[in-house]
Amino acid sequence: LATGATLCGPAGAADKKLVLGFSQIGAESEWRTANTASIKQAAKDAGIELKFADAQQKQENQIKALRAFIAQKVDVIALSPVVETGWGTVLREAKAAGIPVILTDRLVKEADESLWVSFMGSDFVEEGRRAGRWLLDKTKGGKEEVRILELQGTVGAAPAQDRKKGFEEAIKADPRLKIARSQTGDFSRAKGKEVMEAFLKAEAGKKVHALYAHNDDMALGAIQAIEEAGLKPGVDILIVSIDGVKGAFQAMVAGKLNVTVECSPLLGPQLMQAVKDLKAGKTLPRRMVTEEGVFPAEVAAKELPKRKY
Ligand code: GZL
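Keep in mind that what you see is a predicted model, and the values were worked out from it rather than measured. (Residues numbered from 1 in each chain as written. Predicted model: local features only at pLDDT ≥ 70, side-chain atom pairs only at ≥ 80, totals over all residues. Heavy atoms only, no water.)

Remarks on the site of the ligand
Here is the rule: Consider each residue's heavy atoms; a residue with any of them within 4 Å of a molecule or strand counts as near. Here a polar contact is taken to be a pair of N or O atoms separated by no more than 3.5 Å, where protein atoms must pair a possible hydrogen donor with a possible acceptor and residues adjacent in sequence count only if both atoms sit in side chains. Accessible surface is estimated by sampling points in the Shrake-Rupley manner with a 1.4 Å probe; for residues, cover comes only from the protein chains shown. The way it works is that DSSP assigns letters per residue, a run of H or I at least four long becomes a helix, a run of E at least two long becomes a strand, and they are numbered from the N terminus. Note on residue classes: Ala, Val, Leu, Ile, Met, Phe, Trp, Tyr, Cys and Pro are nonpolar, Asp, Glu, Lys and Arg are charged, and everything else, Gly too, is polar.
Neighbouring the ligand are 13 residues; Glu 28, Asp 105, Arg 106, Arg 163 and Asp 243 lie closest to it. Ser 29 places a side-chain nitrogen or oxygen 2.9 Å from an oxygen atom of the ligand. In the model, an oxygen atom of the ligand is placed 2.5 Å from a nitrogen or oxygen of the Asp 105 side chain. The fraction of the free accessible surface of the ligand (320 Å²) that becomes covered by protein chains is 100%. Elements with a contribution of two residues or more to the shell around the ligand: helix 1 (30-46) and helix 5 (158-171). Its residues assigned to classes, the shell around the ligand comprises 5 nonpolar, 2 polar and 6 charged.

Shown next as structure tokens:
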């Protein structure tokens, strides 16, 4: 039986294996793959039974998964919501069934914040600011306009909205920095390459100074497009992206990416601890922020062996 933000099972329930229903977005990026691995491993380590559903990036599949978890009467539901809106109905169904919901990775936009007990994930606006600040610093002192291409994440996703917001806020400090083109690459390498190819065709004859990619996978796809266009990524076009996956560190060691802003996918242990705390009757903090850094190419070779995802 769950009431509010805590779980209180019948006496002797302490030894019953906790069941967590987790609705994952998909497998669109190295970040997502690492996030899934972290969740599955942490559930095993914590002795929590994990019901895992991969939605192939479709919101309707996530909603179906949540309804299945409710029908199966899981103890706790965790959700990484692919987009910000459209969750009110199913979250109210979970609440009516007395099943607490923990949001991980991305937040939803719902007026009734009692529909989830806690949100753990990164501050995407700050990640966008960090990306913008790096580019400001890299281009300071120059005279000419800095024309920037932007590969946005999934349309309607919190990281896409917020990383755009934070970056634009930061680059306002220098009017020379301008976003010349901006389009979604849906957080995937393939789409990032495709959109970058289109950008370069449309920009033929114009100087492009920088690319801001909302995640490393799109940046890695764009790097291929830049090379196929006969340009040097990281040299002819500065590239700043977000996540800090191994592929990004390898690209920085190869001199093809200039900086990656860390966004940790390793939320598994924190999530399982939260599930256990709920079961023990503790109230969770409404917001748990992941600590993260910024990794420029200069430190990539030293950092790469230490990276966990
Ligand atoms: C961020 C996460 C984003 C990553 C992408 O927390 O939601 O989704 O930045 C991933 O790589 O696809």
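Now, onward.
Some remarks on the sheet that holds strand 5 (residues 76-79)
Here is the rule: Following DSSP output, two strands are said to pair if at least two bridges run between them. A fitted line through C-alpha atoms represents every axis, and for helices the fit uses only the stretch in contact; the resulting angles, taken between N-to-C directions, go from 0 to 180 degrees. What makes two residues a contact is simply this: any of their non-hydrogen atoms within 4.5 Å.
Across the sheet, which stays open at both edges, the 6 strands sit in the order 4-3-5-6-7-13 with parallel pairing between neighbours. On the outer flanks of this sheet lie strand 4 (49-54) and strand 13 (287-289), each paired with one strand and no other. Strand-to-strand, the axes of this sheet are offset by a mean angle of 20°, without reference to chain direction. Of the pairings in the sheet, the one linking strand 5 to strand 6 (residues 101-104) comprises 3 bridges and is parallel in character. The residue bridging Leu 79 from the neighbouring strand is Leu 103, located in strand 6. Where helix 9 (residues 268-279) meets the sheet, it contacts strand 3 (19-24), strand 5, strand 6, strand 7 (118-121) and strand 13, and its direction lies at approximately 165° from that of strand 6.

Thoughts on the UniProt feature "domain: Periplasmic binding protein" (unreviewed entry) in the protein chain
Cut-off, in case you're wondering: UniProt positions are given in the numbering used here, feature names are shortened, and annotations may be inferred rather than shown by experiment.
The UniProt feature table records "domain: Periplasmic binding protein" (unreviewed entry) at residues 21-282. Split by type, residues 21-282 is 44% helix and 19% strand. Its first and last C-alpha atoms lie 20 Å apart.

Comments concerning the sheet that holds strand 9 (residues 177-184)
Taken in spatial order, the 6 strands of this open sheet run 9-8-10-11-12-14, and their pairing is mixed. Edge positions in the sheet fall to strand 9 and strand 14 (294-296), since each has one partner strand and no second. Adjacent strand axes in the sheet meet at a mean angle of 20° when their direction is disregarded.

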